[in-house]
Amino acid sequence: MRYRKYEGPMCRWIAYLGQPTYINEFLYDGPRSLCAQAQHSHKAKLGVHGDGGGLGWYSEHKCPGLYRNAGPAWADPNLRELTTQVKAKLFFAHVRASTGAPNTYVNCHPFRMENWLFMHNGQIGEFGKVQRQLQQVLSETAYASMQGTTDSELMYCLLVTNGLFDDPKNAIRTTLRTIVAVCAEQEIKDPFRATFSVTNGDQVWAVRWSTDAYAPSLYKRDMDGNILLASEPLDGETQNWQEIEPNSLICLSRNADQNTTIETEILFDEVHQYVRAI
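Residues numbered from 1 in each chain as written. Predicted model: local features only at pLDDT ≥ 70, side-chain atom pairs only at ≥ 80, totals over all residues. Heavy atoms only, no water.

Enquirer: Would you mind going over the sheet that holds strand E3 (residues 65-69) with me for this structure?
Expert: Hydrogen bonds between backbone groups are what pair the strands of a sheet, and the pairing can be parallel or antiparallel. Spatially, seven strands are ordered E3-E2-E4-E1-E10-E9-E11 in an open sheet, and the strand pairing comes out antiparallel. At either end of the open sheet lies a strand with only one pairing partner, and these are E3 and strand E11 (242-243). Bridge count for strand E9 (residues 219-223) against strand E10 (residues 226-230) is five bridges, and the pairing is antiparallel. Within the sheet, the bridge partner assigned to Met223 lies in E10 and is Asn226. Contacts from helix H3 (residues 77-85) reach strand E1 (12-22), strand E2 (53-58), E3 and strand E4 (87-95) within the one sheet, and its direction differs from that of E2 by about 20 degrees. (Pairing = 2+ DSSP bridges. Helix = DSSP H or I, 4+ residues; strand = E, 2+ residues; numbered from the N terminus. Contact = heavy atoms within 4.5 Å. Axes fitted to C-alpha atoms, helices over the stretch in contact; angles between N-to-C directions.)

Okay, here's the thing in structure tokens:
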């Protein structure tokens, strides 16, 4: 399958793993910071992402801090104050452009469960037709944790149901297979597109995925061993950013010497073969 760039009307997010740093540098500094992208994205047809924003971060505690607000992130003075004072070794930041779910606090990313965080950009095609069936797959614990109505949070709960806390890679593969299978059963024609990231505070797993040729964009930058993942580059120095291949899973981790290691692997191709056949 040949992949083309997808520039769709969805969310923007960044994930950072490295030496403790002030978060505001990535959210507010520069013409392509995350909040600048929320007002004018260079990689999404919908230039404005004003349906909420959120931040999850790890510092000294195992459980991450979490801040979410349903208003535009660039106009949130509390978020700006918070990020100028907080240093984090790992953080997730997200600005939302809704694909249909209400603009409320509980629908904002990241989503937290125990010491884990999850955030997502994308959409399960014709979600309303498969939402109930996917909910029925959830474990009791995952279902009870749901607060909002987004396909993003449901995807997170599917990951938890499929063993995220014990085997993240297998949970990711199982969840993608489950969503694709249910969509095929319901004869959904619209694609399932996603870039998402999940972390336990020590490692970060990120996926760029689509059942068609238009996977949402995802980039990586190595800043002297500090790794940044982003829906699109945070500056104009494009030569410093590496595009993550579609249908890929990337894992970031810190070793005992506080160096960040990066592993990238191709997700199963048989799902794409299956999708092309239906």
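Now, onward.
Enquirer: What exactly am I supposed to notice about the pattern of salt bridges here?
Expert: A side chain of one charge can pair with a side chain of the opposite charge if their charged atoms are brought near each other. Evaluation of the coordinates by the stated rule reveals eight salt bridges. For Glu243, the salt bridge goes to Arg208, with nearest N and O atoms at 3.2 Å. One end of the pair, Glu243, is in strand E11; the other, Arg208, is in strand E8 (residues 203-210), and 35 residues separate them in sequence. Notably, a salt bridge pairs Arg221 with Asp235, separated by 2.6 Å at the nearest N-O pair. Remark: Asp235 occurs in the loop between E10 and E11 and Arg221 occurs in strand E9; sequence separation between them is 14 residues. Accessibility assignment for this pair places Arg221 and Asp235 in one class, buried. Each member of the salt-bridge network shares a partner with another, and the members are Lys169, Arg173, Glu263 and Glu265. (Salt bridge = Lys/Arg side-chain N within 4 Å of Asp/Glu carboxyl O. Buried < 20%, exposed > 50% of the residue type's maximum accessible area, 1.4 Å probe, protein only.)

Enquirer: Please clarify how the sheet that holds strand E13 (residues 260-266) should be interpreted in this entry.
Expert: The sheet built from six strands is open, its strands ordered E5-E6-E7-E8-E12-E13 with antiparallel pairing. Each edge of the sheet is formed by a strand with only one pairing partner; in this case those strands are strand E5 (111-113) and E13. Between one strand axis and the next, the sheet turns through 15 degrees on average, direction left out of account. Of the pairings in the sheet, the one linking E5 to strand E6 (residues 116-124) comprises three bridges and is antiparallel in character. Residue Met113 lies in a different strand from E6, and its bridge partner there is Trp116.

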